[in-house]
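Remarks on the overall topology
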Amino acid sequence: MWDPAKYLDYGDLRARPFFELVARVEAEAPRRVVDLGCGPGNLTVTLARRWPDAVVEAIDSSPEMVAAAREAGVAAREGDVNEWTPRPDTDVVVTNAVLQWVPEHRELLRRWVGELPSGAWLAMQVPGNMSAPSHTLTRRLAASPEWAERLEGVVLREDDAVDTPQQYADLFADLGCAVDAWETTYNQPLTGENAVLEWISGTALRPVRAALPDADWEAFRAQLAPLLEEAYPPRVDGTTWFPFRRVFAVARVP
């Protein structure tokens, strides 16, 4: 279950990679713009403002996120990216911080390139921090004797959940696309108590939250909090620096 309110914590910081991704899309007058994994719709509305004459298609697998997007004025619908197929007039596809949850996303990218019209743009961004302490400590705690049985079957993202920029560049280039791929690490200035824990509670910890009843969830968080604080010590001014690596690729379909 996704919590839109929790996801929108640090909304400005979470949005920055989206804007840097979309800025590389040079479509002038697309007919249809698709936001795969639209979340609460706060970023989808900016696509509609940039391309006011386009049909904006917004899809998310979470009923809670779709409901929040609709409240924001986005005509979102529930859907699975694995099953999505572009319509013939789809000129821009944006998938922002979604494909890390989809193990078979490389094959999806190849299929979409084959189905999109010539000249269409496909823009993707995924987190590249699965080997960071925020994720390795979570996986270690989840696998500990106290939690392993209760979290059996819960899938937490491993280091190989996403590829490097060069690997995505090769994938698209092999399909004949013009491609721009890069990575950026943002040093996010987080504030407040248990800042990193609160940040990942809206994203990386979502599978843990979905698997545990309330009391167990709070107990898991209480055990994880000091581990994260040791790995990400707050400054005396209350700021906690959180390195936030992202991987980007923008491809133009031949």
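Structure shown above.
Just so it is clear, the structure is predicted and the values come from calculations on it, not from any experiment. (Residues numbered from 1 in each chain as written. Predicted model: local features only at pLDDT ≥ 70, side-chain atom pairs only at ≥ 80, totals over all residues. Heavy atoms only, no water.)

1. Considerations on the pattern of salt bridges
- Here the structure, examined in full by the defined rule, presents 16 salt bridges.
- Between Asp89 and Arg32 there is a salt bridge, with the nearest N and O atoms lying 2.8 Å from each other. Of this pair, Asp89 sits in the loop between strand E3 (76-78) and strand E4 (90-96) while Arg32 sits in strand E1 (residues 32-36), and the two are 57 residues apart along the sequence.
- Glu146 is the partner of Arg150 in a salt bridge, and the nearest nitrogen-oxygen pair spans 3.8 Å.
- On the accessibility criterion, Glu146 (43% relative accessible area) is partly exposed.
- Connected through salt bridges with shared partners, the residues Arg32, Glu57, Arg77 and Asp89 form a single ionic network. (Salt bridge = Lys/Arg side-chain N within 4 Å of Asp/Glu carboxyl O. Helix = DSSP H or I, 4+ residues; strand = E, 2+ residues; numbered from the N terminus. Buried < 20%, exposed > 50% of the residue type's maximum accessible area, 1.4 Å probe, protein only.)

2. Overview of the sheet that holds strand E6 (residues 178-190)
- Judged by pairing direction, the sheet is mixed, and its 7 strands sit side by side in the order E3-E2-E1-E4-E5-E7-E6 without closing on themselves. A strand with exactly one partner marks an edge of an open sheet, and here the two such strands are E3 and E6. The average undirected angle you get between the axes of adjacent strands in this sheet is 20°.
- As judged from the 7 bridges shared by strand E5 (residues 121-127) and strand E7 (residues 240-252), these two strands associate in the antiparallel manner. Across the sheet, Ala123 pairs through a bridge with Val250, a residue of E7. (Pairing = 2+ DSSP bridges. Axes fitted to C-alpha atoms, helices over the stretch in contact; angles between N-to-C directions.)

3. So, the nonpolar core
- Ranked by size, the top nonpolar core spans 44 residues in total, and within it Trp51, Ile200, Phe220 and Leu224 carry the most contacts.
- Every element with two or more residues in this core is listed here: helix H2 (11-22), E4, E5, helix H6 (133-142), E6, helix H8 (195-201), helix H10 (214-231) and E7.
- Ignoring sequence-local partners within four residues, the contact set of Leu224 consists of Leu137, Thr138, Leu141, Leu197, Ile200 and Leu205.
- Counting 29 residues, the second largest nonpolar core, distinct from the first, contains Trp84, Leu116, Val126 and Ala249. (Core = buried A, V, L, I, M, F, W, Y, C linked by side-chain atoms within 4.5 Å. Contact = heavy atoms within 4.5 Å.)

4. Some thoughts on empty space enclosed by the protein
- Scanning the entire structure with this criterion turns up 1 cavity of 30 Å³ or more.
- In this structure, the largest cavity occupies an estimated 50 Å³ of space.
- His135, Thr138, Arg139, Leu156, Arg157 and Ala204 are the residues that line the largest cavity.
- Among the residues forming the lining of the largest cavity, the class breakdown is 2 nonpolar, 2 polar and 2 charged. (1 Å grid on protein atoms, 1.4 Å probe; cavity = no way out; pocket = protein on both sides within 12 Å on 5 of 7 lines; lining within 4 Å. Points joined across faces, edges and corners; volume = space filled by probe spheres on them. Nonpolar A, V, L, I, M, F, W, Y, C, P; charged D, E, K, R; others polar.)

5. Looking at unusual backbone geometry
- Of note in the backbone geometry, Ala97 takes a positive phi value of approximately 55° without being a glycine.
- Note on placement: Ala97 falls in the loop between E4 and helix H5 (105-115).
- Positive phi, normally seen in glycine, also occurs at Asn194, with a value near 50°.
- Among the secondary structure elements, Asn194 is positioned in the loop between E6 and H8.

6. Overview of the side chain of Thr95
- Structurally, Thr95 is set in strand E4.
- Thr95 has contacts with Leu21, Leu36, Ala123, Met124 and Gln125, leaving out every residue within four places of it along the chain.

7. Some thoughts on the packing of aromatic side chains
- Scanning all chains against the criterion turns up 9 aromatic pairs.
- Each ring, one from Trp147 and one from Phe220, has its centre 5.3 Å from the other, and the planes form 80°; the classification is edge-to-face. Placement of the pair is Trp147 in the loop between H6 and helix H7 (165-174) and Phe220 in helix H10, with a sequence separation of 73 residues.
- Residue classification places Trp147 among the buried positions, given a relative accessible area of 0%.
- Geometrically, the ring pair formed by Trp182 and Phe248 is stacked, given 4.7 Å between the ring centres and 5° between the ring planes. (Phe/Tyr/Trp six-rings, centres within 6.5 Å; stacked < 30°, edge-to-face > 60°.)

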